[in-house]
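Here's the letter readout for the chains.
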Amino acid sequence: MNNSLLSFLLEMEDIWQTTLNSQLTTRQKIQFQRLYELILQGNLKLNLTRIIEPQDFWEKHLWDSLRGVVSLLSNSHNQLSVIDIGTGGGFPGIPFAIMLPNSQVNLLDSTQKKVTFLTQIIPELELHNVTTTVGRAEKIGHNPKYREQYDVALIRAVSNTSACIEYTLPLIKKGGLAIIYRGNWMDYEITSVTGVAKQLGGVIAYIDKFKTPLSQGTRHCLYLKKITKTSSKFPRPIGIPNSKPL
Ligand SMILES: C[S@@+](CC[C@H](N)C(=O)[O-])C[C@H]1O[C@@H](n2cnc3c(N)ncnc32)[C@H](O)[C@@H]1O
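Residues numbered from 1 in each chain as written. Predicted model: local features only at pLDDT ≥ 70, side-chain atom pairs only at ≥ 80, totals over all residues. Heavy atoms only, no water.

Participant: Kindly report on the overall build of the protein, identifying the contributing residues and their values.
Facilitator: A count of helices and strands for the protein gives eleven helices and seven strands. In terms of overall dimensions, the protein is globule-like: its C-alpha atoms have a radius of gyration of 17 Å, near the 18 Å expected for 246 residues. The principal-axis extent of the C-alpha atoms belonging to the protein is close to 50 × 35 × 30 Å. Within the protein, buried positions represent 54% of all 246 residues. Accessible surface, the protein as shown: approximately 11300 Å² in total, 52% of it carbon and sulfur. Looking at the protein, you have 27 positive and 19 negative side-chain charges, and the mean spots of the two groups are 10 Å apart. (Helix = DSSP H or I, 4+ residues; strand = E, 2+ residues; numbered from the N terminus. Rg over C-alpha atoms; globule rule 2.2 N^0.38 Å. Buried < 20%, exposed > 50% of the residue type's maximum accessible area, 1.4 Å probe, protein only. Areas by Shrake-Rupley, 256 points an atom, 1.4 Å probe, with all protein chains shown as cover. Lys, Arg positive; Asp, Glu negative; His and termini not counted. Charge placed at Lys NZ, Arg CZ, Asp CG, Glu CD.)

Participant: Tell me about the environment of G135, and please be specific about residues and values.
Facilitator: As for its placement among the helices and strands, G135 is situated in the loop between β3 (130-134) and α8 (137-140). Exposure remark for G135: the relative accessible area of 18% places this residue in the buried category. When the C-alpha atoms of G135 and G86 are compared, they prove to be 9.3 Å apart, with 49 residues separating the residues in sequence. With sequence-adjacent residues up to four places away left out, G135 is seen in contact with L108, D109 and S110. (Contact = heavy atoms within 4.5 Å.)

Participant: Can you tell me about the UniProt feature "binding site: S-adenosyl-L-methionine" (unreviewed entry) in the protein, naming the residues and giving the values?
Facilitator: Under the feature "binding site: S-adenosyl-L-methionine" (unreviewed entry), the UniProt entry names G86, F91, D109, S110, T111, A137, E138 and R156. Topologically, D109 is positioned in strand β2 (residues 104-109). Here D109 is in contact with G86, T87, G88, K114, V115, T133, V134 and G135, once residues within four sequence places are set aside. Its location among the elements puts R156 in strand β4 (residues 150-156). Judged by its relative accessible area of 14%, R156 is buried. In contact with R156, not counting residues within four places along its chain, are K60, H61, D64, S65, G86, F91, P92 and Y181. At 2.7 Å, the side chain of R156 and the side chain of D64 are in polar contact. (UniProt positions renumbered as here; feature names shortened; annotations may be inferred. Polar contact = N/O pair within 3.5 Å; in protein donor to acceptor, adjacent residues only side chain to side chain.)

Participant: Break down the sheet that holds strand β5 (residues 172-182) for me, citing the residues and quoting the values.
Facilitator: The seven strands are arranged β3-β2-β1-β4-β5-β7-β6 in an open sheet whose pairing can be described as mixed. With one partner strand each, in any of the chains shown, β3 and β6 (202-211) form the two edges of the open sheet. Geometrically, the sheet is characterised by an average inter-axis angle of 20° between neighbouring strands, direction not taken into account. (Pairing = 2+ DSSP bridges. Axes fitted to C-alpha atoms, helices over the stretch in contact; angles between N-to-C directions.)

Participant: How would you summarise the pairing of β2 if you had to cite specific residues and measurements?
Facilitator: With respect to burial, β2 is a largely interior element, five of its six residues being buried. Two elements, strand β1 (residues 81-85) and β2, share five bridges in a ladder whose sense is parallel. Note that in β2 the partner of D84 across the bridge is L107. At this point the chain moves from β1, through helix α6 (residues 93-99), to the parallel β2, and the crossover so formed is right-handed. Pairing geometry for β2 and β3, over five bridges, is parallel. (Right-handed = clockwise from strand over helix to strand, strands pointing away.)

Participant: Would you mind going over the packing of aromatic side chains in detail, with residue names and values included?
Facilitator: If you walk through the whole model with that rule in mind, you get seven aromatic pairs. Between the aromatic rings of F57 and F91, the centroid separation amounts to 5.9 Å while the plane-to-plane angle is 85°, which identifies the pairing as edge-to-face. Note that F57 is positioned in helix α4 (residues 54-67) and F91 in the loop between β1 and α6, a separation of 34 residues in sequence. Using a relative accessible area of 0% as the deciding quantity, one classes F57 as buried. (Phe/Tyr/Trp six-rings, centres within 6.5 Å; stacked < 30°, edge-to-face > 60°.)

Participant: Would you mind going over the domain arrangement of the protein in detail, with residue names and values included?
Facilitator: When its domains are assigned, the protein resolves into domain 1 (1-77 + 89-128) and domain 2 (136-245). Taken over C-alpha atoms, the centre of domain 1 sits 22 Å from the centre of domain 2. If you look at the interface, domain 1 gives 21 residues, while domain 2 gives 21 residues. Both sides together, the interface formed by domain 1 and domain 2 hides about 1700 Å², and carbon and sulfur atoms give 63% of it. Where domain 1 touches domain 2, the interface holds three salt bridges. Among the salt bridges present, the one from D208 reaches R67, with a minimum N-O distance of 2.8 Å. Where domain 1 touches domain 2, the interface holds eleven residue pairs in polar contact (both at pLDDT 80 or more). Contributing elements (two or more residues each) for the side of domain 1 that touches domain 2: α4 and β2. (Domains from an automatic or database assignment. Buried area = accessible area lost by both parts, 1.4 Å probe. Salt bridge = Lys/Arg side-chain N within 4 Å of Asp/Glu carboxyl O.)

Participant: A description of the pattern of salt bridges should follow, citing residues and the corresponding values.
Facilitator: Enumeration over the complete set of coordinates arrives at 15 salt bridges. Between E59 and K60 there is a salt bridge whose closest N-O contact spans 3.8 Å. Within this structure, R34, E37 and E124 form a network of salt bridges that share partners.

This is the structure in structure tokens:
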């Protein structure tokens, strides 16, 4: 077994604790190590990620995935229903599920091969709180099995912000939270984002700006709260939210 991530996790324990408000159990450390190994194996066939060095994996996949949900991590008993839209190799959804085992996480991706891979690795990670769905956010957003069913929708590196809002808000319940992971953010974007959120029944609750702890990369997370039901005209048909942002 290649233990390189595990030893890095141990080295970084203090940073993890202070920046992510949480401590890892032995089980969680082993799950992260196994996830790392499985992603490296998966990469041989599927183009899952270019982030493969242990430090980069720790910072850009594990830490970054969890920094966006830091306010939820301090209570490991949280029982939330969560969807990760465009999850790819399982980020941020799998780290979330490892840290919050009482929450239910649905990993959604439009690429069958990626979802097949995820379905295979979930039992290997001994995760009992994760399901997978293959499909487009534009389509499942109209399916009553998924529409307005989630407390939290996560979305990282999937599309422009307007499309991310159109993908997430229809899927969350009134009172739920959409968390949109971003690199850079310009203050002038607030006007258009406020307008798009309003059309979908949401408001901006908070915009968090932070730096990653090792490479000091700038990150932003947008937290949108859903305050009214989303109109049935959203999401628009496949491809439209991305090509014709609201
Ligand atoms: C760049 S990857 C990001 C993966 C992961 N979220 C991460 O941050 O590492 C984008 C993923 O979104 C998926 N995707 C893009 N548009 C989608 C849509 N409309 N519905 C569902 N999945 C989508 C793609 O198949 C791809 O796996």
